[in-house]
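Coordinate inspection notes
Spelled out, the chains give:
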Amino acid sequence: MSPTTEPLDADAAWEALLAVRDAAGAGAAGLRLDGDGTDHWARPATPAAQELAARYLPLCLAGRHVAFAQLGQSLDGFIATRTGDADYVTGEADRRHLHRLRALADAVLVGAGTAVADDPRLTVRACPGPNPVRVVLDPRGRVPRTRGVFTDGAAPTLWVVGPEAAAGRVGDGVEVLALPDRAAFAPARLRAALAARGLGRLLVEGGGVTVSRFLSAGALDRLYLTVAPVLLGDGVPGLRFPGTPVMRRALRPPVRRTALGADTLFALDLGPAAGCFPRG
């Protein structure tokens with residue numbers, strides 16, 4: 001290495017990754033796709049820059065149509081206490097990771113329960129990157145119009161309601177999508193409806209019920225599950241889906257483990273090759 005050549009740092013690496021959607025884009029960003037999982041950059045890079053490529057390059061290369069989910073939970077599988085307090089189960093490093101996932105998505109989706117309980121902003125603040133479109137699944141139209149996603153104007157919002165909902169007119173930057181029946185809320189059909197609007201890269205952020213629905217329907221390609229070293233005893237559960245009575249049939253998708261401060265991130269590959277669920 002030349003004495004005047006500085007290694008690529010994490011900030012520059014992240015800016016490069018934001019533009020990658022395929023192998024050609026990866027090459028243009030200075031990435032070498034050698035497949036060994038250790039050395040992704042064509043130029044010298046810091047360990048932090050290498051880690052960012054290892055963590056996010058598979059998602060960047062997943063193309064224009066990919067669904068991925070993120071949950072942070074306790075060791076015993078809860079995403080909030082019995083009172084709904086989730087502030088915060090996981091640490092600051094996982095918050096940055098979540099915001100990076102938002103920046104790599106066209107849209108971020110939450111269910112009505114999460115929108116009511118948490119009043120999430122769903123914007124990118126902990127790292128550079130564009131805000132995704134915020135999608136609120138609300139079949140009965142029960143999310144109050146005072147929630148920030150409808151009033152703050154920070155990013156476009158798509159309010160997805162059912163035929164029985166009286167959504168009416170909402171504020172600037174909020175579009176109402178009325179689906180014809182409950183069947184239209186099936187994860188595969190939702191993905192198709194969003195992709196038709198140019199929202200093919202979908203982050204399913206919460207809550208546990210919504211993520212579990214997408215998982216059990218075979219409508220997720222990747223799942224990011226961050227586990228914090230804390231025990232809650234009881235509370236709001238994370239993943240729940242019909243299981244198997246036989247251990248040898250349990251899902252064992254390919255996984256990559258990463259330390260995020262005191263937490264552990266499990267990145268699970270749920271794509272067709274993993275064979276975890278029949279695709280919806």
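Residues numbered from 1 in each chain as written. Predicted model: local features only at pLDDT ≥ 70, side-chain atom pairs only at ≥ 80, totals over all residues. Heavy atoms only, no water.

Counted according to the given criterion, the structure contains zero disulfides. Free of any disulfide, Cys60 has its nearest cysteine sulfur in Cys127, 12 Å distant. Assessed through its relative accessible area of 10%, Cys127 is described here as buried. (Disulfide = S-S within 2.5 Å. Buried < 20%, exposed > 50% of the residue type's maximum accessible area, 1.4 Å probe, protein only.)

This part is about the nonpolar core. Trp14, Leu17, Leu31, Trp41 and Phe68 are the most contacted members of the largest nonpolar core, which has 47 residues in total. With seven residues, helix α3 (residues 47–60) is the largest single contributor of residues to this core. Dropping the residues within four chain positions of it, Leu31 is found in contact with Leu17, Val20, Ala26, His40, Trp41, Ala53 and Leu57. The next biggest cluster of nonpolar side chains, apart from the first, holds 31 residues, and it includes Leu137, Leu177, Leu190 and Leu223. (Core = buried A, V, L, I, M, F, W, Y, C linked by side-chain atoms within 4.5 Å. Helix = DSSP H or I, 4+ residues; strand = E, 2+ residues; numbered from the N terminus. Contact = heavy atoms within 4.5 Å.)

Let us now look at the packing of helix α1 (residues 10–17) against α3. Two elements in contact, α1 and α3, have axes separated by 9 Å at closest approach and are oriented at 15 degrees. Considering their axes alone, α1 and α3 lie roughly parallel with respect to each other. The hand of the α1/α3 crossing is right-handed. Of the residues in α3, those in contact with Ala10, Ala13, Trp14 and Leu17 of α1 are Ala48, Ala49, Leu52, Ala53, Tyr56, Leu57 and Cys60. The residue makeup of the contact of α1 with α3, split by class, is 11 nonpolar, no polar and no charged. (Axes fitted to C-alpha atoms, helices over the stretch in contact; angles between N-to-C directions. Parallel < 35°, antiparallel > 145°, perpendicular 65-115°, else oblique. Left-handed = near helix turned anticlockwise from the far one by under 90°. Nonpolar A, V, L, I, M, F, W, Y, C, P; charged D, E, K, R; others polar.)

Within the element layout of this structure, Leu270 appears in the segment after β11 (263–269). Through-space distance from the C-alpha of Leu270 to that of Asp221 is 4.7 Å; in sequence the pair is 49 residues apart.

This paragraph deals with the environment of Val124. Relative to the helices and strands, Val124 is located in the loop between α5 (112–118) and β4 (133–138). On the accessibility criterion, Val124 (11% relative accessible area) is buried. For the pair Val124 and Asp263, spaced 139 residues apart in sequence, the C-alpha to C-alpha distance is 21 Å. Setting aside residues up to four positions removed in sequence, Val124 forms contacts with His99, Arg102, Ala103, Gly129, Pro130, Asn131 and Pro132.

Attention now goes to the pairing of strand β8 (residues 222–228). Each regular strand shows side chains that alternate between the opposite faces of the sheet. Of all seven residues that make up β8, seven are buried, and the element is covered over most of its length. Burial along β8 is two-sided: the residues Arg222, Tyr224, Thr226 and Ala228 and Leu223, Leu225 and Val227 are all buried. Strand direction decides the pairing type here: strand β1 (residues 66–74) and β8, joined by seven bridges, are parallel. The partner of Gly72 across the bridge, within β8, is Thr226. Sheet topology note: the β8/β11 ladder contains six bridges and is antiparallel. Bridging from a neighbouring strand, Arg222 pairs with Asp269 of β11. (Pairing = 2+ DSSP bridges.)

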